Amino acid sequence: MTTQAGPSAVVTTTADGRKTVRGPRGVPVLGNLPEFGKDPLAFFERLRERGDFVRWRFGRTPALFIAHPETIGELLTEVERTFDQPDLGIAFRTLLGNGVVVAKGPDWRRKRSLVQPSVRPRQVKSYAATMAECAVDLAERWADGQRVDIRREMAALTQLIAVRTIFGVDTAADAASIGRAMDVAQREIGAEFSGIGAILPDWVPTPGRARVRRATAVIDAEVSRVVARHRDGDGERPDLLSRLLAAQDETGAHLSDREIRDETVTLYIGGHETTSSTLVWAWYLLSRNPRVQEALGAELDRVLGDREPGFDDYARLTYTQAVVKETLRLYPTVWLITGLAKEGATLGGTPVPPGTRVWSSQWATHRDGRWYRDPLEFRPERWTGADDGEDGQAEEIPEYAWFPFGGGPRVCLGTRFAMVEAVLVLAVLARRYRLDVDSEEIRPVPSLTLQPDRDVLATVRAR
Ligand code: HEM
């Protein structure tokens, strides 16, 4: 690296010619933590304005913020080689055990290869009917003029879908008892993630951590009851749990009961709130963009007419898919990914000192005017190739300028599951209704996922 001193920032140049700049100065000991903690989204946007490689300090830890898609691609593809995934906090580990999100190295590789077949596109096809059925039940309960809290409605809907597709339970009471315990654990983990718990050592007992332990005990009891029923049952059922019970590694070994518990809870926690929040933001954006709402309705009328959608419609609903992709661009529910540099790590051809924590943020990169024309506008057409600009050219969006599901070896295992679920739910509901959201502007709050800062109240309108 070459270095030249500037008045407010030290500028260095990486081997591939991009500038590394020093970020805001920060305070002793805490570094830039106070500024980051106050508004992480705005903080990352400010770092992005400074450059593609920005050095800052997360407490005492040296940190590097990266904003360029090429570098983000390097980080994501090098995870498990020259970058480690930082350890998840104690609250996460209490709930998720040593499931695929928490595991590392050979243990992670084994688990990922055992879980992956259960979420392959061919398998997602068999979950699609449950996704559409749950959405149809909700559509039948809504009526023109009804007032709803979209956040609550989408959380309940996606919870039912998750419980049914993962655990295969079909009684409302079973679904409710697993769902309730998951809700408590998820809330407490979110509080730990965005509160003081995120920087306290693992051994410090906090009331939040005690609540996670209690909720986990309830979940463990529920899951072992459901697993026992599956083991006693006759024949294979079309749910994820059955596929996990049948999975074998290369030595012919099955997942143990403890591992089954960890993976099912991991799939639930990884997939529920992320998909639910995506749907909430989609309704919010649709309500503020009548033109997009019209175009969506037109596609649903054309492709579905007056029937309900099924898995085979997913590929045909290209505009609906684009609505979900564009929602995930503007409101990426997973809004940051970090990696810890190991010996030999490089980015842009330049060594990154071991121990440096590298940060990338979907929020900051997805809203960068270098990769997106009018980056703050909600325009699904950018993904269908139908959006010619003034120059008559379709937008060319570089790889990793859109990475809501991450990338590389740890790319989200539920990508297909989540896309199919979001598209089918939107298709069922938006074919019949539009939702007029009350509030002018709803701000995102970056917790475990990007959440609306208030209830999202709306009036249901029949189309
Ligand atoms: C819109 C919805 C979703 C979003 C935005 C999302 C996002 C992500 C991201 C960004 C990662 C990578 C994290 C990292 O590299 O640090 C990830 C990993 C993961 N996701 Fe998702 N996800 C979604 C839905 C789902 C669903 C529905 C499931 C399960 C059915 C799921 C299961 C997982 C699992 C198991 C991992 C860990 C993979 C590994 O570490 O090998 N996700 N997700």
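This text gives an overview of the structure that appears in the document. Remember, it's a predicted structure, so these values are computed and weren't measured experimentally.

The rules behind these values
- Residues numbered from 1 in each chain as written.
- Predicted model: local features only at pLDDT ≥ 70, side-chain atom pairs only at ≥ 80, totals over all residues.
- Heavy atoms only, no water.
- Donors = N, O, S within 2.8 Å, 3.2 Å for Na, K, Ca; no water.
- Helix = DSSP H or I, 4+ residues; strand = E, 2+ residues; numbered from the N terminus.
- Axes fitted to C-alpha atoms, helices over the stretch in contact; angles between N-to-C directions.
- Parallel < 35°, antiparallel > 145°, perpendicular 65-115°, else oblique.
- Left-handed = near helix turned anticlockwise from the far one by under 90°.
- Contact = heavy atoms within 4.5 Å.
- Core = buried A, V, L, I, M, F, W, Y, C linked by side-chain atoms within 4.5 Å.
- Buried < 20%, exposed > 50% of the residue type's maximum accessible area, 1.4 Å probe, protein only.
- Domains from an automatic or database assignment.
- Near = heavy atom within 4 Å.
- Polar contact = N/O pair within 3.5 Å; in protein donor to acceptor, adjacent residues only side chain to side chain.
- Nonpolar A, V, L, I, M, F, W, Y, C, P; charged D, E, K, R; others polar.

## Comments concerning the coordination of the iron atom of the ligand
There is one protein donor for the iron atom of the ligand, namely C412 (SG), at 2.3 Å. Relative to the helices and strands, C412 resides in the loop between α14 (362–366) and α15 (415–432).

## Considerations on the packing of helix α11 (residues 257–288) against α15
Where α11 contacts α15, the two axes come as close as 10 Å, and the packing angle between them is 40 degrees. Put simply, α11 runs oblique to α15. The chirality of how α11 crosses α15 is right-handed. When α11 is examined against α15, the residues T275, L279, A282, W283 and L286 are found in contact with a partner set consisting of A418, E421, A422, V425, L426, L429 and A430.

## Concerning the nonpolar core
Formed by 120 residues in total, the largest nonpolar core has its most connected members in F44, W56, I150, M154 and F167. Both of domain 1 (1–89 + 335–403) and domain 2 (98–332 + 411–463) provide at least three residues apiece to this core. Those residues in contact with M154 that lie beyond four places of it in its chain are L138, W142, S276, L279, V280, W283 and L429. Within the second largest apolar cluster, 16 residues are counted, among which are I66, L76, I337 and Y400.

## Describing the site of the ligand
Looking at the ligand, there are 23 residues lining it, with Q85, W108, R112, R410 and C412 nearest. Between the ligand and R112, the relevant distance is 2.7 Å, taken from an oxygen atom to a side-chain nitrogen or oxygen of the residue. Measuring from an oxygen atom of the ligand, one finds a side-chain N or O atom of R410 at 2.8 Å. Of all elements in the fold, only α5 (105–115), α11 and α15 reach the threshold of two or more residues within the shell around the ligand. By residue number, the principal contributor to the shell around the ligand is α11, which donates six residues. When grouped by side-chain class, the residues that make up the shell around the ligand number 12 nonpolar, nine polar and two charged.

None of the figures reported here should be taken as evidence of function without further support.
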